[in-house]
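# Understanding the architecture of this molecule
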Amino acid sequence: MIVILTGAGISQESGIATFRDQGGLWENESIEAVATPGGFARDPERVLEFYNQRRRELLGPGIAPNAAHLALARLEAEYQGRILLITQNVDNLHERAGSRNLLHMHGEMLKIRCTRCGAIMQWEKDLHRGDSCPVCAASGGLRPHIVWFEEMPLYMDEIDAALGKCRLFVSIGTSGNVYPAAGFVRAARRAGAHTVELNLERSQGANSFDEGRYGRASQVVPQWVEEVLVQHQN
Ligand code: APR
């Protein structure tokens, strides 16, 4: 089984800003204000507008999967074995590239959640505080289906189980700053997996990987996928 973890770097060449690079999202917005439960409680309209803007950008004309997303979808389609793709990203570019066995551990930009009835639904327009839930009709309880800081990431049981039995763990386009994702490589190593980092530059966790290849994801990922498929086809 191959477990793949992706971060914002895999979507950077598709035109989606990363968080901690030059010009990244956290350069212009405070995490506390727009990506914590406290920030949402203090100023919900500011938070909703932050996500409305990112949702509009994601649905904009120029945004599309790049060669790295497409290579991971090819790997899933052609590899003779199980692939689990875990993404920290909230964009839908892995789905648009064709990946299926995919877990969004930090939630999804194009979904919202009702805090009254718990319903999670696809939502591609702006979200405003007074909007009412299409399921329970309550108003004022809708929020982005995004995991904020201080909140528990999604699918952790499934992720832990996969890390405990994977033979190959690959981390792509993440700075290794945010846990629990940044600790996945150590769990994979404990399970005896070979660990690979594919990134523009060495991440915080680079020393934990058996192997590192550095460059733009659109170059490095297709090359790595080709090698894996050739290795495992003979
Ligand atoms: N190709 C490959 N890697 C790239 C590219 C590229 N074209 N461009 C940037 N990178 C790398 C950067 O070098 C950096 O290591 O992608 C990484 C992006 O790091 P971050 O901006 O920190 O994004 P990420 O690691 O996904 O952040 C994790 O933090 O803010 C939270 O919830 C948010 O999911 C996010 C989490």
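Details of the structure are given in the entry above.
Please read all numbers here as calculations on a predicted model, not as lab measurements.

### Some remarks on the site of the ligand
Close to the ligand lie 23 residues, the nearest being Q12, F19, R20, T174 and S175. Between the ligand and S175 there is a distance of 2.6 Å, counted from an oxygen atom to a side-chain nitrogen or oxygen. Protein contact buries 96% of the 730 Å² of open area that the ligand shows by itself. When grouped by side-chain class, the residues that make up the shell around the ligand number 7 nonpolar, 11 polar and 5 charged.

### Considering the sheet that holds strand β5 (residues 120-122)
Here 3 strands make up an open sheet; going across it, the order is β5-β4-β6 and the pairing antiparallel. Each of the sheet's edge strands pairs with one partner strand only, and the pair in question is β5 and β6 (142-146). In this sheet, adjacent strand axes meet at a mean angle of 45 degrees when their direction is disregarded. Where strand β4 (residues 107-114) and β5 come together, 3 bridges link them in antiparallel fashion.

### As for the pairing of β6
Burial within β6 is extensive, with 5 of its 5 residues counted as buried. Pairing analysis gives 4 bridges linking β4 to β6, with the strands arranged antiparallel. For G107, the partnering residue across the bridge sits in β6 and is I146.

### Some remarks on the sheet that holds strand β8 (residues 194-199)
Taking strand neighbours across the sheet as the criterion, the 6 strands line up as β3-β2-β1-β7-β8-β9 in an open arrangement whose pairing is parallel. Pairing within the sheet leaves two strands with one partner each, and these edge strands are β3 (102-104) and β9 (211-214). Each strand axis lies, on average, 15 degrees off the axis of its neighbour in the sheet, ignoring direction. Where strand β1 (residues 2-6) lies against strand β7 (residues 168-172), 5 bridges are found, and the strand directions are parallel. What sits directly across from L5, in β7, is S171.

### Section: helix α10 (residues 217-233)
Look at α10: 23 Å from first C-alpha to last across 17 residues, which is about the 24 Å you get at 1.5 Å a residue. Looking only at α10, the buried set comprises A217, S218, V220, V221, W224, V225, V228 and L229. Take α10 and look down its axis: the buried residues cluster within an arc of 165 degrees, on one side only. Residues of α10 that are exposed and angled more than 90 degrees away from the buried face: Q219 and Q231. Contacts from the buried residues of α10 go to β1, α1 (9-12), α6 (67-78), β7, β8 and β9.

### Some remarks on the nonpolar core
Side chains that are nonpolar tend, in soluble globular proteins, to be buried together. Counting 26 residues, the largest nonpolar core has Y51, M121, L142 and W148 as its most contacted members. When residues of this core are traced back to their parent elements, those giving at least two are α2 (25-28), α3 (31-34), α5 (44-58), β4 and β6. Among the elements that line this core, the one with the most residues is α5, at 5 residues. Here M121 is in contact with L110, K111, I112, C114, C133, P134 and L142, once residues within four sequence places are set aside.

Rules behind the numbers
- Residues numbered from 1 in each chain as written.
- Predicted model: local features only at pLDDT ≥ 70, side-chain atom pairs only at ≥ 80, totals over all residues.
- Heavy atoms only, no water.
- Near = heavy atom within 4 Å.
- Polar contact = N/O pair within 3.5 Å; in protein donor to acceptor, adjacent residues only side chain to side chain.
- Areas by Shrake-Rupley, 256 points an atom, 1.4 Å probe, with all protein chains shown as cover.
- Nonpolar A, V, L, I, M, F, W, Y, C, P; charged D, E, K, R; others polar.
- Pairing = 2+ DSSP bridges.
- Helix = DSSP H or I, 4+ residues; strand = E, 2+ residues; numbered from the N terminus.
- Axes fitted to C-alpha atoms, helices over the stretch in contact; angles between N-to-C directions.
- Buried < 20%, exposed > 50% of the residue type's maximum accessible area, 1.4 Å probe, protein only.
- Expected span 1.5 Å × (residues − 1).
- Arc of directions from axis to C-beta.
- Contact = heavy atoms within 4.5 Å.
- Core = buried A, V, L, I, M, F, W, Y, C linked by side-chain atoms within 4.5 Å.

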